[in-house]
Amino acid sequence: MKVLAMQGHYGRALELDLCAPCHLVWFDSIEGAHLAGPSLLALVGEMAEAQALPHTALKPTLGCMRCGGALRTVHNPSRFGSSLQLECAQRHGAWQSFGQFLQQKGLVRPMSSADRHRALQRDGALHCVNCGGGIHQNDTVCSWCGSVPAVVDVALLALALDPEGATRQHAVHRKRGEAGSLSCAACGAAQPADGGWACTSCGATLTAPGLAEAHRQVSALGPALAAHAQRPAAHVVQERLARQQPALDRQRSRAREMQAEADARRHGGPLPSQERQDPLADWLQGAAGELLSALARALRRWWQR
Ligand SMILES: [Zn+2]
Ligand SMILES: [Zn+2]
Ligand SMILES: [Zn+2]
Ligand SMILES: [Zn+2]
């Protein structure tokens, strides 16, 4: 087990545990970690490296990383379809396979027959995106780990690493505009219907048939991502402020409303309902007061005797 010290958004420190031979990552939060760019890049690199090891089949005794207790399989609906994870019944966290993690983030798509044909022609072999094991041309699942054969969308990986576009001018971001669209966003050239690893016109990377290759493609972003995490670029700071403006405006107008309510109360305006006097309470208070003064009068008379 390898403990990875990572950073979440806003520099929050978090720890992940990676089991290389099982091709699994442990997340302390069931929702999975929201990793900052440099940490996501490091995690993808660790995953790619772990694929050099032969896959160990999941042991039925696999338990929670924190309490050792039983796990249950959970299907998580995500924007990109359902993804699977093994969650602690006590909700301490969950195990996720590399492939499931990538799928939940929307970074992979199933390997089409055109992808298979192209990868075989170029590399002579197909590899599993989860465990790195060899896949036969017609396999619907990896015979080593059971994952669905998939390709990595390099363009979306680059976007996930840098959602704020701090490295926008970098060549790896020359990508297709929308998933499934058939033109290159870098140069606008139409792409053949069966797709390709790279744009046929400008050579921008579109997809990669393996995690190691995808990691190599995006690792060029590393230094710029680290610099951005330290000190965000001016255009990013500006965009962040612009995004926060509506919330600030709402807070300001709420503060104005509260001030107006307070002023109205001070100047004898209508009071909020909970402070309005209740006739029954008035009567009871009056009755109690009369009773007390009658008692006081009686006591005084008794003293004066
Ligand atoms: Zn393991
Ligand atoms: Zn547990
Ligand atoms: Zn596999
Ligand atoms: Zn192009």
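Model, not experiment: these values are computed from the prediction.

Novice: Help me understand the packing of helix H4 (residues 154-161) against helix H5 (residues 211-218) in this model?
Specialist: Interhelical geometry of H4 versus H5 gives an angle of 55 degrees and a closest axis separation of 10 Å. Taken together, the axis directions place H4 and H5 in an arrangement best described as oblique. Every pair of crossing elements has a handedness; the one defined by H4 and H5 is right-handed. For the pair formed by H4 and H5, the contact residues are Val 154, Leu 157, Ala 158 and Leu 161 on the first element and Ala 214, Gln 217 and Val 218 on the second. Looking at side-chain class alone, the contact of H4 with H5 contains 6 nonpolar, 1 polar and no charged residues.

Novice: Looking at this structure, how should I read the packing of helix H1 (residues 37-50) against H5?
Specialist: Packed helix pairs are characterised by how far apart their axes lie and by the angle those axes make with each other. With their axes 9 Å apart at the nearest point, H1 and H5 run at an angle of 145 degrees to one another. Crossing of H1 against H5: the hand is left-handed. Contact residues: Leu 41, Val 44, Gly 45, Met 47 and Ala 48 in H1; Leu 211, Ala 212, His 215 and Val 218 in H5. Looking at the contact of H1 with H5, its residues break down into 7 nonpolar, 2 polar and no charged.

Novice: Is there a simple way to think about the coordination of the zinc ion (ligand 2) in this case?
Specialist: For a metal bound by four donors in tetrahedral geometry, the ideal donor-metal-donor angle is 109.5 degrees, whereas six donors in octahedral geometry ideally sit at 90 or 180 degrees. Only Cys 64 (SG), Cys 67 (SG), Cys 88 (SG) and His 92 (ND1) from the protein coordinate the zinc ion (ligand 2), and they sit 2.0 to 2.3 Å from it. Classification of the site at the zinc ion (ligand 2) rests on its 4 donor atoms, whose angles at the metal span 101 to 119 degrees, yielding the label tetrahedral. In primary-sequence terms, the residues that donate to the zinc ion (ligand 2) follow C-x2-C-x20-C-x3-H. With a relative accessible area of 32%, His 92 lands in the partly exposed category.

Novice: Explain the sheet that holds strand E10 (residues 150-153) here, please?
Specialist: For sheets, the rule is that strands pair by backbone hydrogen bonds, running either parallel or antiparallel. Pairing is antiparallel in the open sheet, where 3 strands are placed in the order E7-E10-E11. Strands at the two margins of the open sheet, each flanked by one partner only, are strand E7 (108-110) and strand E11 (207-208). Pairing geometry for E10 and E11, over 2 bridges, is antiparallel. In the sheet register, Asp 153 faces E11, and the bridge partner there is Thr 207.

Novice: Quick question: what am I supposed to make of the side chain of Glu 213 here?
Specialist: If you trace the backbone, Glu 213 turns up in helix H5. A relative accessible area of 16% means that Glu 213 is categorised as buried. Beyond its immediate sequence surroundings of up to four residues, Glu 213 is in contact with Arg 122 and Ala 208.

Novice: Honestly, helix H3 (residues 113-123) in this entry has me stumped. Any pointers?
Specialist: In an α-helix there are 3.6 residues to a turn, and that puts residues three or four apart on one side. By the burial criterion, the buried members of H3 are Asp 115, Arg 116, Arg 118 and Ala 119. Turning to H3, the residues buried within the fold contact E7, strand E8 (126-127) and E10. Residue Gly 124 follows H3 closely and has a positive phi angle near 75 degrees.

Novice: Quick question: what am I supposed to make of the coordination of the zinc ion (ligand 1) here?
Specialist: Of the protein atoms, only Cys 19 (SG) and Cys 22 (SG) coordinate the zinc ion (ligand 1), at distances of 2.0 to 2.1 Å. Judged by its relative accessible area of 12%, Cys 19 falls in the buried class.

Novice: Is there a simple way to explain the environment of Ala 119 in this structure?
Specialist: The residue Ala 119 is located in helix H3 in this model. Look at Ala 119 and you get buried, because its relative accessible area is 0%. Once you skip the residues sitting within four places of it in the chain, Ala 119 turns out to touch Gly 124, Ala 125, Leu 126, Trp 197 and Pro 209.

Novice: Even after reading the chapter, I still don't get the nonpolar core, so can you show me in this structure?
Specialist: Generally speaking, soluble globular proteins have nonpolar side chains that are buried together. The biggest cluster of nonpolar side chains holds 35 residues, and the ones touching the most others in it are Leu 16, Leu 18 and Leu 43. Every element with two or more residues in this core is listed here: strand E1 (2-7), strand E2 (13-19), strand E3 (24-27), H1, helix H2 (98-104), E10, H4 and H5. Among the elements that take part in this core, H1 stands out by supplying 7 residues, more than any other. Apart from the residues within four sequence positions on either side, Leu 16 is in contact with Lys 2, Val 3, Leu 4, Met 6, Val 25, Trp 26, Phe 27, Ala 33, Leu 35 and Leu 43. Core analysis: the second largest hydrophobic core is formed by 9 residues, Met 111, Ala 119, Cys 128 and Cys 142 among them.

About the cut-offs
- Residues numbered from 1 in each chain as written.
- Chains lettered and ligands numbered in written order.
- Predicted model: local features only at pLDDT ≥ 70, side-chain atom pairs only at ≥ 80, totals over all residues.
- Heavy atoms only, no water.
- Axes fitted to C-alpha atoms, helices over the stretch in contact; angles between N-to-C directions.
- Helix = DSSP H or I, 4+ residues; strand = E, 2+ residues; numbered from the N terminus.
- Parallel < 35°, antiparallel > 145°, perpendicular 65-115°, else oblique.
- Left-handed = near helix turned anticlockwise from the far one by under 90°.
- Contact = heavy atoms within 4.5 Å.
- Nonpolar A, V, L, I, M, F, W, Y, C, P; charged D, E, K, R; others polar.
- Donors = N, O, S within 2.8 Å, 3.2 Å for Na, K, Ca; no water.
- Tetrahedral: all angles 85-135°; square planar, octahedral: opposite > 155°, others 65-115°.
- Buried < 20%, exposed > 50% of the residue type's maximum accessible area, 1.4 Å probe, protein only.
- Pairing = 2+ DSSP bridges.
- Core = buried A, V, L, I, M, F, W, Y, C linked by side-chain atoms within 4.5 Å.

Geometric descriptors of this kind do not, in isolation, establish any biological role.
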